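Listed here are the chains, written in short residue letters.
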Number of protein chains: 4
Amino acid sequence: MQPLRIGFIGMGLMGVPMSLRLHRAGLSVSVWNRSPDKSEPLKEHGVRVCEHLHELISDSDILMTCVTDTGAVRAIVEGPGGIAEHGRDSQVLIDFSSIDPQATREMAEALKIKTGIRWIDAPVSGGVAGAEQGTLAIMAGGDAALIDSMRTVLKPLSQRVTHMGPTGSGQVTKICNQMIVSCNVLVMAEVMALAEKSGVDAKQIPEALKGGFADSIPLQLTGPRMAERDFDPVKWHVKTLLKDLDMANALAKDSASAVPMAGQAAELMRLHATQGSAERDPCTLIEMYSSKGEEA
Amino acid sequence: MQPLRIGFIGMGLMGVPMSLRLHRAGLSVSVWNRSPDKSEPLKEHGVRVCEHLHELISDSDILMTCVTDTGAVRAIVEGPGGIAEHGRDSQVLIDFSSIDPQATREMAEALKIKTGIRWIDAPVSGGVAGAEQGTLAIMAGGDAALIDSMRTVLKPLSQRVTHMGPTGSGQVTKICNQMIVSCNVLVMAEVMALAEKSGVDAKQIPEALKGGFADSIPLQLTGPRMAERDFDPVKWHVKTLLKDLDMANALAKDSASAVPMAGQAAELMRLHATQGSAERDPCTLIEMYSSKGEEA
Amino acid sequence: MQPLRIGFIGMGLMGVPMSLRLHRAGLSVSVWNRSPDKSEPLKEHGVRVCEHLHELISDSDILMTCVTDTGAVRAIVEGPGGIAEHGRDSQVLIDFSSIDPQATREMAEALKIKTGIRWIDAPVSGGVAGAEQGTLAIMAGGDAALIDSMRTVLKPLSQRVTHMGPTGSGQVTKICNQMIVSCNVLVMAEVMALAEKSGVDAKQIPEALKGGFADSIPLQLTGPRMAERDFDPVKWHVKTLLKDLDMANALAKDSASAVPMAGQAAELMRLHATQGSAERDPCTLIEMYSSKGEEA
Amino acid sequence: MQPLRIGFIGMGLMGVPMSLRLHRAGLSVSVWNRSPDKSEPLKEHGVRVCEHLHELISDSDILMTCVTDTGAVRAIVEGPGGIAEHGRDSQVLIDFSSIDPQATREMAEALKIKTGIRWIDAPVSGGVAGAEQGTLAIMAGGDAALIDSMRTVLKPLSQRVTHMGPTGSGQVTKICNQMIVSCNVLVMAEVMALAEKSGVDAKQIPEALKGGFADSIPLQLTGPRMAERDFDPVKWHVKTLLKDLDMANALAKDSASAVPMAGQAAELMRLHATQGSAERDPCTLIEMYSSKGEEA
């Protein structure tokens, strides 16, 4: 039996280390990126770099995508020279991007009808470090048996693949993840400001709560920076968390779910963004709750 | 030099294992409880049980309290036969109870003036298991040098003592801890209901998010129970989280801090409580967000 | 000079009395409706009823539309046989419908380019009674001079035409109106339930607050019904207020405006809707805040 | 039969015109104020001014109070030389002040037991103009027959006396009034900022919505000032609205009522206050929602 050939589309911060890990695990990997220069590092490691997308599609059994947003996935799937044009029904598409669940369901349905290709949505958490170390957590939506059959090729990338339900469920789960994180960061900003105003040495809070019920990775990472008013370099953006919350609220509206905490969080994040902080680090949220002129 | 004699007041779920650990660490421990029967187990282990509170006060160098609420601390400190009457200025009071910070500051101030006793507020996190294993996290408010000098007697109880600021700061920190937890549980209820309505197998969410930015102990403990509608036995109460949130909001009001996330959380928790769930487990919050008749 | 010929499209609850008033004011009026039977009453009053939309378009100087939603306006403007196909650049379109501002701007722009027709968005408040009595309040968006030149034909319909800004501004203003109303109804539900729980005879509240700073038409109309738990007949729907709030929040998101009160209102309205009340009267909101089993 | 003698306590902005109207209506009125100079204007009109509070108490059948807050009422009722000391059981106390309902109930109960005096809480709306013109709206709590028997003496002051329930109900109603007003002002700030950002001439909004479902006195009074950024002179204070909302939320908490809109309003008002606007006019709330640097 011939080994499975993987075609990986999207050589961004995540795609480069992910495809490299697959290559190093002995799998046959081809890659493609819209801007060809991003693929250069792969060449040096002996990975095949395709000049044209249709070429990669033709020569692969499993198509993997990891791009920035819904529009970018749509361009690859439905755009000229893309998967809908050149794919065939023996193929499987695994989309690692974090995109809109409803768009995922619609594109998957249309692609299945047109080409027979089966779609697994598989957004990840764990960041660039997880991609490099192969410790990503994958939240997968799609057919259970199909996802099971992909475990071998997902193994070099991840510590865990969780099947969340039918197509789109992986994307919904990723949104749930972001909802919890964004709400929590807003709560932390309130808590840190309240502690300060109540005479507490807020810098000690993350240490004091470590390992307890209130602890989380964001508390340990952003708590100290909030307390120290240490906002540079910008590690993530207020506008990114706002985008995540807006996506969560759109999903909630579409599924007739009330989400008053996430709704509140979106409004507060937007308030902070409109007060001039859209491009700043979310740690700056503490400024919204500190009285004017008060500093650490 | 004579060894320090500890007097421990309050033989509840926490006080019993805490005083026992101090005794087993070779310290001289006397105990007292308002209802004498609660002290019986200590006798069996050879701990001295005092019949009268004033007796324990007279015979101790360090007074420790661990009782249910502000009123109970006040009764021990300011009530007849209590610490204000029988204490002396060489003593130190360490209060492990979780109570109102402002009441702490006022009682500490008054006790200092009347008797010279110095007060350390030292609420804990880690629960009964932490008390039994000596792995509590202690959030301490009071004089830094005084707290340092107590590290030997706190060592058998805790993995960590964090100095948070002047008297009352420990209590403020404990409220901050509870704020984060209560807000997070409300966010989780929204997230789990949203996931279900969006076609996701919500039972998989805690596993899928494990170890990531959205993870927390409450997610792992209550997430599965929410998804399974597994509300019995009641492990904690909606009314307890509501009380914590109300205390947080009172503190915020007193310190002129806006806390819109915690304010929102209090109202939602109250809404759930008034809809007949005050005595139920907080996992029942998912019911508020599930459409009528919808079940797992 | 020849008198202006008006073509009125949409013979609904508002369109019928509006076109009748224009006719009775001596203006030359033709009408058209997608379902022809709705136009029958007009015939009896001597108004010309067109069989085909293109016929009405050809024979009119001013086109007026009053239909249910954005899709219905789009069908008339951009659909087959519609205004974009048959209109000409001397015409003016006055849209009395309450629809999406952004869609209004886009359709107006496209229609202007294609045909030269100028668009006035002119949503109204005052309901059927206002339409019958000619006392509508018109919130108009578009060119100021053009709106001024239309005052003669708007006169029989309205007590007031307010120019709010460029095209789309009328629709934004209508959304603002709905935001205030929906938020206020939610506040009233809280207030009435709180009054009851505090031992007050809530039925007296609307009377007690009459004419004061807290008074409003909704307080007088819905307050007594809330207090009496008088929910039938259904006079408006929870889902309608929810739709209004969702439109307001979408507008706010698009214009980067934080609207935490309206955001809160949308989530609470959605919560009530998902708890089985979408098709019920908004007066039922008081049930959400009354303890289980409590009644007036 | 001898005419009823009224003793009016509290010669503030409201007390002066109210006692003057009673005097002019032919009633026998004595007045007293803590700072005697405030009573001077009354003397000129021939009203009897008492030097000592106990003197006024002894010589009156009906005691009326109109002072600033709960503490001030308590001082008059329970303080040295006050009503509890010098009152007698044939007397009636009518308190026009806006104070805490629970304190009202407690003081009324204690005073009844001690002296037999019956208490009517009777906060008013209508402001100084209403006091001068005798058009106040009175929200009365207490015994229905007793309140009825007072209609003659309340007639010169008010257009309307509404009986709201047992003692304290008047105060609860006043709080309900303030809740609606404060929430509405916050909604208006959002709406006006949203309208501006959406290209609308916000100055036209109050006029456009006049007489409709969204209209209210605050919209007409503060809407134009918000749109014009006309914040001086300060007509009322952010901190006053915050105090009202905090009182409402305290009442809600005590009666186990969820009030998520008023809770939200309190947090937003507090946020604005802590950002340096406590002493400013509530019209400044629009600044919170306008992007930095944006102006009318």
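Residues numbered from 1 in each chain as written. Chains lettered and ligands numbered in written order. Predicted model: local features only at pLDDT ≥ 70, side-chain atom pairs only at ≥ 80, totals over all residues. Heavy atoms only, no water.

- As annotated in an unreviewed UniProt entry, chain A carries the name 3-hydroxyisobutyrate dehydrogenase and comes from Thalassolituus maritimus.

Focus on the overall build of chain A
Working step 1: Per the secondary structure count, chain A includes 15 helices and nine strands.
Working step 2: Taken against the 2.2 N^0.38 rule, which gives 19 Å for 296 residues, the C-alpha radius of gyration of chain A at 21 Å falls within 12% of a compact globule.
Working step 3: Summarising its shape, the C-alpha atoms of chain A cover approximately 70 × 45 × 35 Å along the three principal directions.
Working step 4: The 296 residues of chain A split such that 61% are buried.
Working step 5: In chain A, the proportion of contacts linking residues at least 24 apart, taken out of those at least 6 apart, comes to 66%.
Working step 6: Within the structure as shown, chain A displays about 11000 Å² of accessible surface, and the carbon and sulfur contribution to it stands at 53%.
Working step 7: Taking the average place of the 29 positive charges on the side chains of chain A and the average place of its 36 negative ones, the gap between the two points comes to 3 Å. (Helix = DSSP H or I, 4+ residues; strand = E, 2+ residues; numbered from the N terminus. Rg over C-alpha atoms; globule rule 2.2 N^0.38 Å. Buried < 20%, exposed > 50% of the residue type's maximum accessible area, 1.4 Å probe, protein only. Contact = heavy atoms within 4.5 Å. Areas by Shrake-Rupley, 256 points an atom, 1.4 Å probe, with all protein chains shown as cover. Lys, Arg positive; Asp, Glu negative; His and termini not counted. Charge placed at Lys NZ, Arg CZ, Asp CG, Glu CD.)

Things to note about the side chain of A:Ser216
Working step 1: Looking at the secondary structure, you find A:Ser216 in the loop between α11 (205-209) and α12 (217-228).
Working step 2: Here A:Asn184 takes part through its side chain, which lies 3.2 Å from a polar atom of the side chain of A:Ser216.
Working step 3: For A:Ser216, the residues in contact, after removing those within four places along its chain, are A:Asn184 and B:Asp215. (Polar contact = N/O pair within 3.5 Å; in protein donor to acceptor, adjacent residues only side chain to side chain.)

Considering the interface of chain C and chain A
Working step 1: Counting from both sides, the interface comprises 14 residues of chain C and, opposite them, 14 residues of chain A.
Working step 2: In this assembly, chain C and chain A are joined by zero salt bridges.
Working step 3: Between the two partners, chain C and chain A, sit two residue pairs in polar contact (both at pLDDT 80 or more).
Working step 4: For the side of chain C that touches chain A, the per-class residue count stands at six nonpolar, four polar and four charged. (Salt bridge = Lys/Arg side-chain N within 4 Å of Asp/Glu carboxyl O. Nonpolar A, V, L, I, M, F, W, Y, C, P; charged D, E, K, R; others polar.)

A short note on the interface of chain D and chain C
Where interface size is quoted, it is often the accessible area lost as the parts come together.
Working step 1: At the interface, 60 residues of chain D touch 59 residues of chain C.
Working step 2: Across the contact surface, chain D and chain C share zero salt bridges.
Working step 3: Taken together, the links from chain D to chain C amount to 18 residue pairs in polar contact (both at pLDDT 80 or more).
Working step 4: Secondary-structure elements contributing two or more residues to the side of chain D that touches chain C are β8 (136-141), β9 (158-165), α10 (169-197), α11 (205-209), α12 (217-228), α13 (238-254) and α14 (260-277) of chain D.
Working step 5: With 17 residues, the top contributor of residues to the side of chain D that touches chain C is α10(D).
Working step 6: In terms of residue class, the side of chain D that touches chain C is made up of 36 nonpolar, 16 polar and eight charged.

Some remarks on the side chain of A:Ser290
All names here are of chain A.
Working step 1: Locating Ser 290 in the fold gives a position in the segment after α15 (285-289).
Working step 2: Classification of Ser 290 as buried rests on a relative accessible area of 8%.
Working step 3: At 2.9 Å, the side chain of Ser 290 forms a polar contact with the side chain of Arg 229.
Working step 4: Excluding residues within four positions of it along the chain, Ser 290 makes contact with Ala 193, Glu 196, Lys 197 and Arg 229.

Focus: the relation of the copies chain C and chain A
Working step 1: If you rotate chain C by 180° and push it 0.0 Å along the axis, it lands on chain A with an RMSD of 0.1 Å. Those values place the two copies in the arrangement expected of a two-fold rotation axis.
Working step 2: Comparing interface residues between copies, 100% of those in chain C also lie at the interface in chain A; the contact surface is shared. (Least-squares fit on C-alpha atoms with pLDDT ≥ 70 in both.)

Structural notes on the nonpolar core
Working step 1: Among the nonpolar cores identified, the biggest contains 204 residues, and A:Tyr289, B:Tyr289, C:Tyr289 and D:Tyr289 are the most heavily contacted of them.
Working step 2: When residues no more than four places from it in sequence are discounted, the contact partners of C:Tyr289 are B:Leu271, C:Leu186, C:Ala189, C:Glu190, C:Ala193, C:Lys197, C:Leu268, D:Ala258 and D:Pro260. (Core = buried A, V, L, I, M, F, W, Y, C linked by side-chain atoms within 4.5 Å.)

With respect to the environment of B:Ser58
Residues and elements named next belong to chain B.
Working step 1: Along the polypeptide, Ser 58 turns up in helix α3 (residues 53-58).
Working step 2: On the accessibility criterion, Ser 58 (35% relative accessible area) is partly exposed.
Working step 3: In this structure, the C-alpha to C-alpha distance between Ser 58 and His 86, residues 28 residues apart in sequence, is 6.7 Å.
Working step 4: From its side chain, Ser 58 meets the backbone oxygen of His 54 in a polar contact 2.9 Å long.

Some words on the UniProt feature "domain: 6-phosphogluconate dehydrogenase NADP-binding" (unreviewed entry) in chain A
Working step 1: UniProt's entry tags residues 5-165 of chain A with the feature "domain: 6-phosphogluconate dehydrogenase NADP-binding" (unreviewed entry), counted in the numbering of this structure.
Working step 2: In residues 5-165 of chain A, the share of helix is 41% and the share of strand is 25%. The end C-alpha atoms are 26 Å apart. (UniProt positions renumbered as here; feature names shortened; annotations may be inferred.)

Here we look at empty space enclosed by the protein
Working step 1: One pass over the structure, following the stated rule, counts three cavities of 30 Å³ or more.
Working step 2: Residue lining of the largest cavity: C:Asn184, C:Phe213, C:Ala214, C:Asp215, C:Ser216, D:Ile180, D:Val181, D:Asn184, D:Ala214, D:Asp215 and D:Ser216, and that is the complete set.
Working step 3: Ranked by residues supplied to the lining of the largest cavity, first place goes to α10(D) with three residues.
Working step 4: In the lining of the largest cavity, the residues fall into five nonpolar, four polar and two charged.
Working step 5: Here the second largest cavity is characterised by a volume of approximately 40 Å³.
Working step 6: Together, A:Ile180, A:Cys183, A:Asn184, A:Val187, B:Ile180, B:Cys183, B:Asn184 and B:Val187 line the second largest cavity. (1 Å grid on protein atoms, 1.4 Å probe; cavity = no way out; pocket = protein on both sides within 12 Å on 5 of 7 lines; lining within 4 Å. Points joined across faces, edges and corners; volume = space filled by probe spheres on them.)

Considerations on the UniProt feature "active site" (unreviewed entry) in chain A
Residue and element names in this part refer to chain A.
Working step 1: Within this structure's numbering, the places UniProt gives as "active site" (unreviewed entry) are Lys 174.
Working step 2: Excluding residues within four positions of it along the chain, Lys 174 makes contact with Ser 98, Pro 123, Val 124 and Met 139.
Working step 3: A polar side-chain atom of Lys 174 sits 3.2 Å from the main-chain carbonyl oxygen of Val 124.

So, the pairing of strand β6 (residues 118-121) of chain A
Working step 1: Examined bridge by bridge, strand β5 (residues 92-95) of chain A and β6(A) share four bridges and lie parallel to one another. Considered in β6(A), the bridge of A:Leu93 is made with A:Trp119. (Pairing = 2+ DSSP bridges.)

Observations concerning the packing of aromatic side chains
Working step 1: In the structure shown here, the tally under the stated rule is eight aromatic pairs over all chains.
Working step 2: For the pair A:Phe8 and A:Phe96, a centre-to-centre distance of 6.0 Å together with 20° between the ring planes defines the contact as stacked. Note that A:Phe8 is positioned in strand β1 (residues 5-9) and A:Phe96 in the loop between β5 and α6 (101-115), a separation of 88 residues in sequence. Of the two residues, A:Phe8 and A:Phe96, neither departs from the other in class, the shared state being buried.
Working step 3: Seen from their ring centres, A:Phe213 and B:Trp236 are 6.3 Å apart, and the 85° between their planes marks the pair as edge-to-face. Remark: B:Trp236 occurs in the loop between α12 (217-228) and α13 (238-254) and A:Phe213 occurs in the loop between α11 and α12; the pair is interchain, linking two chains.
Working step 4: The exposure class assigned to B:Trp236 is partly exposed, which follows from its relative accessible area of 21%. (Phe/Tyr/Trp six-rings, centres within 6.5 Å; stacked < 30°, edge-to-face > 60°.)

A few points about the pattern of salt bridges
Working step 1: Following the criterion strictly, the structure yields 50 salt bridges over all chains and no others.
Working step 2: For A:Arg151, the salt bridge identified is with A:Asp148, shortest N-O distance 2.6 Å.
Working step 3: Owing to a relative accessible area of 47%, A:Asp148 belongs among the partly exposed residues under this scheme.
Working step 4: With a shortest N-O distance of 4.0 Å, B:Asp230 and B:Arg225 are connected by a salt bridge.
Working step 5: Look at B:Arg225 and you get buried, because its relative accessible area is 8%.
Working step 6: Each member of the salt-bridge network shares a partner with another, and the members are A:Arg48, A:Glu55 and A:Asp59.

Structural notes on the packing of helix α14 (residues 260-277) of chain C against α10(D)
Working step 1: Between α14(C) and α10(D), whose axes approach to 8 Å, the crossing angle comes to 110°. One element, α14(C), and the other, α10(D), form an angle in the roughly perpendicular class. Residues C:Pro260, C:Met261 and C:Ala262 of α14(C) form the contact with α10(D), whose participating residues are D:Cys183, D:Leu186, D:Val187 and D:Glu190. (Axes fitted to C-alpha atoms, helices over the stretch in contact; angles between N-to-C directions. Parallel < 35°, antiparallel > 145°, perpendicular 65-115°, else oblique.)

Focus: the domain arrangement of chain A
All names here are of chain A.
Working step 1: Taken domain by domain, chain A comprises domain 1 (5-166) and domain 2 (172-295).
Working step 2: If you average the C-alpha positions of domain 1 and of domain 2, the two centres end up 31 Å apart.
Working step 3: Taken together, the contacts link seven residues of domain 1 with five residues of domain 2.
Working step 4: For the pair domain 1 and domain 2, the summed buried area comes to about 660 Å², and 68% of that belongs to carbon and sulfur atoms.
Working step 5: Broken down residue by residue, the surface that domain 1 buries against domain 2 is led by Ser 98, Pro 101 and Met 139, which jointly contribute 49%.
Working step 6: Counting every contact that joins domain 1 to domain 2 gives zero salt bridges.
Working step 7: The residue makeup of the side of domain 1 that touches domain 2, split by class, is five nonpolar, one polar and one charged. (Domains from an automatic or database assignment. Buried area = accessible area lost by both parts, 1.4 Å probe.)

Some thoughts on the environment of D:Glu132
Residue and element names in this part refer to chain D.
Working step 1: Considering the arrangement of structural elements, one finds Glu 132 in helix α7 (residues 127-133).
Working step 2: Sequence spacing of Glu 132 and Asp 61 is 71 residues, and the spatial spacing of their C-alpha atoms is 24 Å.
Working step 3: Once residues within four sequence positions are removed from consideration, Glu 132 is found in contact with Pro 17 and Arg 21.

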